[in-house]
Amino acid sequence: MTGRKLLPPFYEQLALVLIGIISLSYLVILGKEILDPLMFGFLFAVLLLPVSDFLERKLRFPRSISSFAAIILFVGFISLVGYLVGSQISSLASDWPMLKTQITQSIDSIQSWIEVSFHINTDKQMNYVHDTTQKIMESGTVVLGTTFGAVSSLLLFYVFILIFTFFILFYRRLLIRFIMRVFSDDHSTTVMDVVENIQKILRQYIVGLILEMVVVSGITCAVFWILNVKYAVLLGIIVGLFNIIPYIGIFTALLLSCIVTFATGSVQQTVTVAVSVIGIHALDANVLLPIIVGSKVRLNALITFIGIIVGEMIWGLSGMFLSIPVIAIFKIIFDRVPSLKPWGYLLGGEYEYEDKAQKELKTE
């Protein structure tokens, strides 16, 4: 007997890992109401930390005032974006008679096509539409109540995000000391390195996404203006906003842009807009995203796509937004824990480690 501790068989380890992942996922689903705004609050706190530090150190603000002022500046920026979108939507509403005429003509064309293709006359089509409308009106009270409840929940969700952001900024030193004390002194250097890199990389990622959104919106507005597309600014902002949702956002932006263009222009313009949005997205994915967002954390496209789907299954739309930052946090931790480095390699991919090997050869 050598006294060497025997590891359990592989199937036991795999079973324990799967049970742990399932249990953690179940707890995350149960805790969505508090964990969802808490995660957004953490991301916004990381983003606003330099602003709060500047106000606290340079302008001698108390920590509570500096944290609150940083949040006010952030809310002001979001309000400015909302004002730009709202002003464009109000101009769209002013052209409602023209839009109504265009939509009516489109509906007539669709009805004629249905009558020719499926031999269903216009009266039967309108009867079906009226029956459907009546059913919707009968359930209108329920729909209205559900909508009001959803809007109230959404506003409350935003308030919780701001509250969590303030408290994380205010107690940031306490939280870091707590994390340091959880682990032994032997791991203090590694833990501090993980904490600093999480702050740095998440901040770069968020700022990069905002800058990317601004650049894509500007390019889209310019292209639509050159193409003489009506509401070019509104469509440009829509494309820029939805572009920050990986993979799925481009389809939503494409659909909205085509609908608005079809309602205000011609079919040729609609096709041109669709081609332009796809081209801008290709330019963004292959050129702008690597340059602006950077390559500090290169995430495997397959893992990223799976993470987005899993995030949507767990937390819906907010889970899609949070999936990439969460995967990035896991990758930072995995890369700095020797036993977990293979998982960090899986999340990152082969090109990242080839670049590291080339840099090491150059230094030698």
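Relevant structure appears above.
An account of the accompanying structure is given in this report. (Residues numbered from 1 in each chain as written. Predicted model: local features only at pLDDT ≥ 70, side-chain atom pairs only at ≥ 80, totals over all residues. Heavy atoms only, no water.)

Thoughts on the overall build of the protein
Per the secondary structure count, the protein includes 15 helices and zero strands. Taken across its 364 residues, the protein has 31% of its residues classed as buried. Residue pairs at least 24 apart in sequence account for 67% of intrachain contacts in the protein once pairs closer than 6 positions are excluded. (Helix = DSSP H or I, 4+ residues; strand = E, 2+ residues; numbered from the N terminus. Buried < 20%, exposed > 50% of the residue type's maximum accessible area, 1.4 Å probe, protein only. Contact = heavy atoms within 4.5 Å.)

Here we look at the packing of aromatic side chains
This structure, assessed with the given rule, holds nine aromatic pairs. Arranged with centres 4.8 Å apart and planes meeting at 45°, the rings of Phe-44 and Phe-74 form a pair that is tilted. One end of the pair, Phe-44, is in helix H2 (residues 32–57); the other, Phe-74, is in helix H3 (residues 63–94), and 30 residues separate them in sequence. What links up through ring pairs into an aromatic cluster is the set Phe-40, Phe-44, Phe-74, Phe-157 and Tyr-158. (Phe/Tyr/Trp six-rings, centres within 6.5 Å; stacked < 30°, edge-to-face > 60°.)

Let's talk about the nonpolar core
Leu-48, Leu-169, Ile-198 and Leu-202 are the most contacted members of the largest nonpolar core, which has 26 residues in total. Listing elements by their share of this core, those giving two or more residues are H2, H3, helix H6 (140–170), helix H8 (188–226) and helix H13 (317–336). If sequence neighbours within four positions are ignored, Leu-202 has contacts with Phe-42, Leu-43, Val-46, Asn-197, Pro-325 and Ile-329. Residues Phe-224, Leu-234, Val-239 and Ile-250 belong to the second largest nonpolar core, which totals 21 residues. (Core = buried A, V, L, I, M, F, W, Y, C linked by side-chain atoms within 4.5 Å.)

Regarding the pattern of salt bridges
One pass over the structure, following the stated rule, counts seven salt bridges. The shortest N-O distance in the salt bridge between Arg-63 and Glu-56 comes to 3.5 Å. Of the residues examined, Glu-56 reaches a relative accessible area of 17% and is grouped as buried. Two residues, Glu-56 and Arg-173, come together in a salt bridge whose shortest N-O distance is 3.6 Å. (Salt bridge = Lys/Arg side-chain N within 4 Å of Asp/Glu carboxyl O.)

What to know about the side chain of Ser-217
Relative to the helices and strands, Ser-217 is located in helix H8. Ignoring sequence-local partners within four residues, the contact set of Ser-217 consists of Gly-236, Ile-237, Gly-240 and Leu-241.

Focus on the layout of surface pockets
In this structure, the second largest pocket occupies an estimated 1600 Å³ of space. Along the wall of the second largest pocket there are 41 residues; nearest its centre are Phe-40, Phe-44, Tyr-158, Ile-161 and Phe-321. Sorting the residues of the lining of the second largest pocket by element identifies H2, H3, H6, H8, helix H9 (232–242) and H13 as the ones contributing at least two each. Of the residues in the lining of the second largest pocket, the class split is 34 nonpolar, four polar and three charged. (1 Å grid on protein atoms, 1.4 Å probe; cavity = no way out; pocket = protein on both sides within 12 Å on 5 of 7 lines; lining within 4 Å. Points joined across faces, edges and corners; volume = space filled by probe spheres on them. Nonpolar A, V, L, I, M, F, W, Y, C, P; charged D, E, K, R; others polar.)

Focus on the packing of helix H12 (residues 301–315) against H13
Across the interface, H12 lies against H13 with an axial gap of 7 Å and an inter-helix angle of 140°. On the basis of their axis angle, the class for H12 and H13 is oblique. Crossing hand, H12 versus H13: right-handed. Mapping the contact onto sequence places Ile-303, Thr-304, Gly-307, Ile-308, Gly-311, Glu-312 and Trp-315 in H12 and Leu-317, Ser-318, Gly-319, Met-320, Leu-322, Ser-323, Ile-324 and Ile-327 in H13. Here the contact of H12 with H13 is composed, by residue class, of eight nonpolar, six polar and one charged. (Axes fitted to C-alpha atoms, helices over the stretch in contact; angles between N-to-C directions. Parallel < 35°, antiparallel > 145°, perpendicular 65-115°, else oblique. Left-handed = near helix turned anticlockwise from the far one by under 90°.)

Let's talk about H13
Between its first and last C-alpha atoms H13 spans 30 Å; for 20 residues at 1.5 Å apiece the expected length is 28 Å, and the two agree. Along its length, H13 shows its largest kink, about 40°, at Ser-323, and proline Pro-325 lies within four residues downstream of that point. Of all 20 residues in H13, 14 are buried; the element is thus mostly enclosed. (Expected span 1.5 Å × (residues − 1). Bend = angle between axes of the 7 residues up to and from the residue.)

Here's the deal with unusual backbone geometry
A positive phi is found at Asn-228, a non-glycine position, where the angle reads about 60°. With respect to the helices and strands, Asn-228 occurs in the loop between H8 and H9. One non-glycine residue, Tyr-231, lies in the positive phi region at around 60°. Tyr-231 sits in the buried class, given a relative accessible area of 9%.

Points about the side chain of Ser-66
Mapping Ser-66 onto the fold places it in helix H3. Discounting chain neighbours no more than four positions away, the residues touching Ser-66 are Ser-52, Leu-55, Glu-56 and Phe-61.

Overview of the environment of Ile-306
Inspection of the secondary structure puts Ile-306 in helix H12. Separated by 17 residues in sequence, Ile-306 and Ser-323 place their C-alpha atoms 9.3 Å apart.

A look at the environment of Ile-314
Mapping Ile-314 onto the fold places it in helix H12. By relative accessible area, Ile-314 is classed as partly exposed at 24%. As a C-alpha pair, Ile-314 and Lys-32 span 282 residues in sequence and 8.5 Å in three-dimensional space. Residue contacts for Ile-314: discarding those within four places in its chain leaves Val-28, Ile-29 and Lys-32.

In short, the description is geometric, and any link to function would need to be established separately.
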